[in-house]
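Remarks on the overall topology
Chain residues, written in single-letter form:
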Amino acid sequence: KAGVTQTPRYLIKTRGQQVTLSCSPISGHRSVSWYQQTPGQGLQFLFEYFSETQRNKGNFPGRFSGRQFSNSRSEMNVSTLELGDSALYLCASSAGGAGWTNEKLFFGSGTQLSVL
Amino acid sequence: GEDVEQSLFLSVREGDSSVINCTYTDSSSTYLYWYKQEPGAGLQLLTYIFSNMDMKQDQRLTVLLNKKDKHLSLRIADTQTGDSAIYFCAESMPTGNQFYFGTGTSLTVIP
């Protein structure tokens, strides 16, 4: 069974630009979550999508957005990039059934974004 | 649910036991997890414990949960050099699929 695939692996952008990151979940998984990982802040929850709907959202500004397609693949977009957006962006998939509370997350290797 | 704390670094000798500690603040968490992150990789689930349990053993791993003190620990017996990685604790909320992760503990195993 293929794991969670994130593309691209590395990305370099300049301030003010926008970026789109992609995540393909494990086959059969319907939930995709996004996390931002930085050395100072650890892992911060961005949002979670289930069946093409955003189900949970963390405390990030509106510049961070996402969507999920009917095949469960997800994209995350960051507009008007700032230097502080430099981070490793991790995507995680899970079965995600509504009301389940023991969800095991399976992570991709991440996209390393550098904003210059 | 957002304040999950861990010590940043731990160093042990190969063959010794490692104990990684985690404190959390949200008593409504349902499950607590331990994840491992190796360099250049995403996080890998190691083990988890339901919030009404106080101990779980899984081969070399022992998880202890003190719900009253909101303290979680992971003990790795007979630590090997391959265990060198960053370890994250995480708690999940009753709504499901929203996790709060600790800051991560970097474990270094000295041969």
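Let me begin by describing the structure that accompanies this report. Nothing here was measured: the structure is a model prediction, and the numbers come from that model.

Moving on: the overall build of chain B. Across its full length, chain B holds zero helices and eleven strands. Start at the N end of chain B and walk to the C end: the helices and strands fall as β-β-β-β-β-β-β-β-β-β-β. Counting every position in chain B, which comprises 111 residues, the buried fraction comes to 46%. Residue pairs in contact within chain B that sit at least 24 positions apart in sequence constitute 55% of those at least 6 positions apart. When the accessible surface of chain B is totalled, it reaches about 5200 Å², and 50% of it is carbon and sulfur.

Using the criterion set out here, one finds 15 aromatic pairs over all chains in the structure. Measuring from centroid to centroid gives 5.9 Å for Tyr35 of chain A and Phe107 of chain A, while their planes differ by 50°, and the two rings are tilted. In this pair, Tyr35 of chain A sits in strand E4 (residues 31-38) while Phe107 of chain A sits in strand E10 (residues 106-107), placing the two residues 72 residues apart along the sequence. Each of the two residues, Tyr35 of chain A as well as Phe107 of chain A, counts as buried. Between Phe47 of chain A and Tyr49 of chain A, the ring centres sit 5.6 Å apart and the planes meet at 70°, which makes this aromatic pair edge-to-face. For the pair formed by Phe47 of chain A and Tyr49 of chain A, the shared burial category is buried. One aromatic cluster is present, formed by Tyr35, Phe45 and Phe107 of chain A together with Tyr31, Tyr33, Tyr35, Tyr48, Phe50, Phe99 and Phe101 of chain B through successive ring pairs. Its guanidinium or amino end placed over the ring of Tyr48 of chain B, Lys56 of chain B lies 3.8 Å from that ring's centre, counting from NZ or CZ.

Conventions we followed
Residues numbered from 1 in each chain as written. Chains lettered and ligands numbered in written order. Predicted model: local features only at pLDDT ≥ 70, side-chain atom pairs only at ≥ 80, totals over all residues. Heavy atoms only, no water. Helix = DSSP H or I, 4+ residues; strand = E, 2+ residues; numbered from the N terminus. Buried < 20%, exposed > 50% of the residue type's maximum accessible area, 1.4 Å probe, protein only. Contact = heavy atoms within 4.5 Å. Areas by Shrake-Rupley, 256 points an atom, 1.4 Å probe, with all protein chains shown as cover. Phe/Tyr/Trp six-rings, centres within 6.5 Å; stacked < 30°, edge-to-face > 60°. Lys NZ or Arg CZ within 6 Å of the ring centre and 35° of its normal.

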